[in-house]
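Analysis of the macromolecular model
Chain residues, written in single-letter form:
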Amino acid sequence: MLAKLNSLGLKGIEGYAVGVEVDIAPGLPSYSVVGLPDAAVKESKDRVVAAIRNSGFELPSRRVTVNLAPAEIRKAGTHFDLPIALGMLSAAEALEGRGEKAAEAFFLGELALDGALKPVIGVLPMLLSLKAAGHSGPVVVPAGNAGEASLSGLDAFSAATLSEAAAWLSGKGELRRCLHAAPPENSGSVGDMSEVKSQAFAKRALEIAAAGFHNIIMVGPPGSGKSMLAKRFSSILPPLNDEQSLETTKIYSVCGLLSRAKLITERPFREPHHTISDAALIGGGSSPKPGEVSLAHNGVLFLDEFPEFSRASIESLREPLESRRVTVARVRDTVTYPARFALVAAMNPCPCGYLGHSSRQCSCTPLQVQKYRGRISGPVLDRIDLHVQLAALKYADWSALPEGESSAAVRERVLSAARRQRERFKDGRAVPNALMTVRHIREHCRLPSGASELLEKAMDKMGFSARSLDKIMRVARTIADLEGAADIKKEHVMEAVQYRSLDRAVETV
Ligand SMILES: [Zn+2]
């Protein structure tokens, strides 16, 4: 007999409907899965058969064929266990009174050998895609995914075991409705900008970066406060809107990193170590997963000791920095993950760290310095809008200075600059200044008289590339927005030029 149930597949961070057909026919006992299953789906046999037996059901020894449709899309993951098991029970006529629920409902869940349902990854993106396609449910998910399923707004139920799901399907039992998880509490772990007493130039640059979602690199000796500043960068960024919140939560769901099944409402701050593999940074692997660049989506990617990352890792940032997404190849096709992050990179001025230090001697040769800096290639540096040099801090700086401006005060200015950017785009799609296209720049970044000559001179003197000129225009636009100025003024351009200091050749530093 043939049974058909509904399930969902996951491609990147989008879901699609999958039909699970199970046929039990006379013949030698066998079990086969067709429809481009991956290894995890093929292994479902052992889990499903044991779970059915240990849940107290009898299965006839027959030929079992499972088809996952549409056949041309590769199916990955362990969440087809539940619909396959329920399909086998239906096809074996082990479920009585199987009603219209089977036709309407969608099932997701991995089975343990004892019949318990284990949580699976990607539930939220799969359910959101189902909702976007016009469905309202019902959906049945493992109890461990209940909180996440409730975020989808679908009619969602959770089951703890295969028996519970089977009883519900045959109309003999009820399932728990997935309820909204408790509202997220603020982590409050991010420090406040006021704790950084000095480094006014760097703080100004971070404010500009936050206002226009620009990338920034800080160069300074050890102890100059680079990581202290970077860690407080999130505290001056505008809050996530609902759409961004869901987008980011989807990525964490696909990675299985959704802690306590809560919606992510704070901008992520990711800080991978420089020994990270390329796949973990960018995404990929044998069964592809989003990397750190996607986990930082709508938030901050902090790369400390930037030149210490592998050459391949640094170069692989070019794609997400340019297109704000990454494309990962997998068998037969590719998946795309969003990666719209603000990069905050930090590095020492030289391998020993003390080049240009007021009281300590640098022990590096010019060649060593050049090699060290050369690890960040021109194309990568071109994609970083703001370059800031930090001086070493003296103890006196710390003890004598009053507290700096609070994050809340800086954030107020950032928010009004962000509002100005939103109002600039008539179709309502907010484009932060850092993401403006060349056409946007031509339209919104008109230069005042005298500024073109100034830029031309700066270009000759410092050897700026055309791309860094675009960066200067975008940054100047953000500086004008922070000031509340409708037009870019000459001083805005002059300040923006100051943030291209690494474009100069090493020997002039
Ligand atoms: Zn040195």
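These numbers were taken from a predicted model, which means no experiment stands behind them.

Once that is clear, we can look at the domain arrangement of the chain. Under the domain assignment, the chain is made up of domain 1 (2-177) and domain 2 (193-508). Linking domain 1 with domain 2 are 1 salt bridge, by the criterion used here. With a closest N to O distance of 3.6 Å, E14 and K250 form a salt bridge. Our count for the domain 1 to domain 2 interface comes out at 3 residue pairs in polar contact (both at pLDDT 80 or more).

The pairing of strands in a sheet comes from backbone hydrogen bonds and takes either a parallel or an antiparallel form. One open sheet holds the 5 strands; their spatial order is 12-15-18-11-19, and the pairing between them is parallel. The open sheet is flanked by strand 12 (269-270) and strand 19 (386-389), the only strands paired with a single partner. The strands touched by helix 8 (residues 200-212) within the sheet are strand 11 (216-219) and strand 19, with strand 19 carrying the most contacts at an inclination of about 165°.

With their axes 7 Å apart at the nearest point, helix 5 (residues 123-132) and helix 10 (residues 242-254) run at an angle of 130° to one another. Judged on the interaxial angle alone, helix 10 and helix 5 are oblique. On helix 10, the residues touching V123, L124, P125 and L128 of helix 5 are L246, T249, K250, S253 and V254. Grouping the constituent residues of the contact of helix 5 with helix 10 by class yields 6 nonpolar, 2 polar and 1 charged.

Among the secondary structure elements, G27 is positioned in the loop between strand 2 (14-25) and strand 3 (30-34). Distance in space between the C-alpha atoms of G27 and R63 is 5.4 Å, their sequence separation being 36 residues. Not counting the four nearest positions on each side in its chain, G27 is found in contact with S61, R62 and R63.

Once that is clear, we can look at the packing of aromatic side chains. Across all of its chains, the model carries 5 aromatic pairs by this definition. Measuring from ring centre to ring centre gives 6.2 Å for F107 and W168, while their planes differ by 70°; the resulting arrangement is edge-to-face. Residue F107 is located in strand 5 (residues 106-107), and its partner W168 is located in helix 7 (residues 162-169); the two are separated by 61 residues in the primary sequence. Take F107: its relative accessible area is 0%, and that puts it in the buried class. Looking at W168, the relative accessible area reads 5%, which means it is buried. Judged by centre distance (6.1 Å) and plane angle (35°), the ring pair of F269 and F302 falls under tilted. Of this pair, F269 sits in strand 12 while F302 sits in strand 15 (residues 300-303), and the two are 33 residues apart along the sequence. Owing to a relative accessible area of 26%, F269 belongs among the partly exposed residues under this scheme. Aromatic rings pair up to connect F107, F157 and W168 into one cluster.

So, on to the coordination of the zinc ion. Protein ligation of the zinc ion involves C350 (SG), C352 (SG), C362 (SG) and C364 (SG), the donor distances falling in the range 2.2 to 2.4 Å. Positions of the donor residues of the zinc ion, expressed as sequence spacing, correspond to C-x1-C-x9-C-x1-C. On the criterion of sequence distance, the pair formed by C352 in the loop between strand 18 (342-347) and helix 15 (366-374) and C362 in the loop between strand 18 and helix 15 is long-range, its members being 10 residues apart. Since its relative accessible area comes to 23%, C352 is described here as partly exposed.

A separate point is the packing of helix 3 (residues 81-91) against helix 7. Direction vectors running N to C along helix 3 and helix 7 enclose 55°, while the axes themselves pass 11 Å from each other. The orientation of helix 3 relative to helix 7 falls into the category oblique. The two elements helix 3 and helix 7 meet at a crossing, and its hand is right-handed. Taking contact as the criterion, the partners of L82, A85, L86, L89 and S90 in helix 3 are, on helix 7, L162, A165, A166 and L169. Broken down by class, the residue content of the contact of helix 3 with helix 7 amounts to 8 nonpolar, 1 polar and no charged.

In this model helix 18 (residues 407-424) runs 26 Å from its N-terminal to its C-terminal C-alpha over 18 residues, within 8% of the 26 Å that 1.5 Å per residue would give. Among the residues of helix 18, S407, V410, V414, A417, A418, Q421 and R424 are the ones counted as buried. The buried side chains of helix 18 occupy one side of the element, clustering within an arc of 105° when seen end-on. Projecting away from the buried face of helix 18 at angles above 90 degrees are the exposed residues A408, E412 and E423. Next to the buried residues of helix 18 lie helix 8, helix 19 (438-444) and helix 21 (466-483).

Moving on, we get to the side chain of S313. Here S313 is to be found in helix 13 (residues 311-316). Of the residues examined, S313 reaches a relative accessible area of 1% and is grouped as buried. Every residue in contact with S313, bar those within four places of it in the chain, is listed here: I276, S277, D278 and L281.

Another point: the side chain of S245. Topologically, S245 is positioned in helix 10. When its relative accessible area of 4% is taken as the criterion, S245 is described as buried. A polar contact is formed between the side chain of S245 and the backbone oxygen of I264, at a distance of 2.4 Å. With residues near it in sequence (within four places) discarded, S245 still touches L240, L263, I264 and T265.

Time to look at the environment of L175. Along the polypeptide, L175 turns up in the loop between helix 7 and strand 10 (176-177). Look at L175 and you get buried, because its relative accessible area is 8%. For L175 and K231, which are 56 residues apart along the polypeptide, the C-alpha to C-alpha distance reads 44 Å. The residues contacting L175, other than those within four sequence positions of it, are V140, F157, S158, A159, E164, A165 and W168.

Formed by 53 residues in total, the largest nonpolar core has its most connected members in F306 and L317. Looking at this core, the element that brings in the most residues is helix 5, giving 4 residues. For this core, the two domains that each supply at least three residues are domain 1 (2-177) and domain 2 (193-508). Ignoring sequence-local partners within four residues, the contact set of F306 consists of I217, I314, L317, A345, A346, M347, I376, V380 and I384. Listed in part, the 52 residues of the second largest apolar core include A202, I216, F302 and L435.

The rules behind the values
- Residues numbered from 1 in each chain as written.
- Predicted model: local features only at pLDDT ≥ 70, side-chain atom pairs only at ≥ 80, totals over all residues.
- Heavy atoms only, no water.
- Domains from an automatic or database assignment.
- Salt bridge = Lys/Arg side-chain N within 4 Å of Asp/Glu carboxyl O.
- Polar contact = N/O pair within 3.5 Å; in protein donor to acceptor, adjacent residues only side chain to side chain.
- Pairing = 2+ DSSP bridges.
- Helix = DSSP H or I, 4+ residues; strand = E, 2+ residues; numbered from the N terminus.
- Contact = heavy atoms within 4.5 Å.
- Axes fitted to C-alpha atoms, helices over the stretch in contact; angles between N-to-C directions.
- Parallel < 35°, antiparallel > 145°, perpendicular 65-115°, else oblique.
- Nonpolar A, V, L, I, M, F, W, Y, C, P; charged D, E, K, R; others polar.
- Phe/Tyr/Trp six-rings, centres within 6.5 Å; stacked < 30°, edge-to-face > 60°.
- Buried < 20%, exposed > 50% of the residue type's maximum accessible area, 1.4 Å probe, protein only.
- Donors = N, O, S within 2.8 Å, 3.2 Å for Na, K, Ca; no water.
- Left-handed = near helix turned anticlockwise from the far one by under 90°.
- Expected span 1.5 Å × (residues − 1).
- Arc of directions from axis to C-beta.
- Core = buried A, V, L, I, M, F, W, Y, C linked by side-chain atoms within 4.5 Å.

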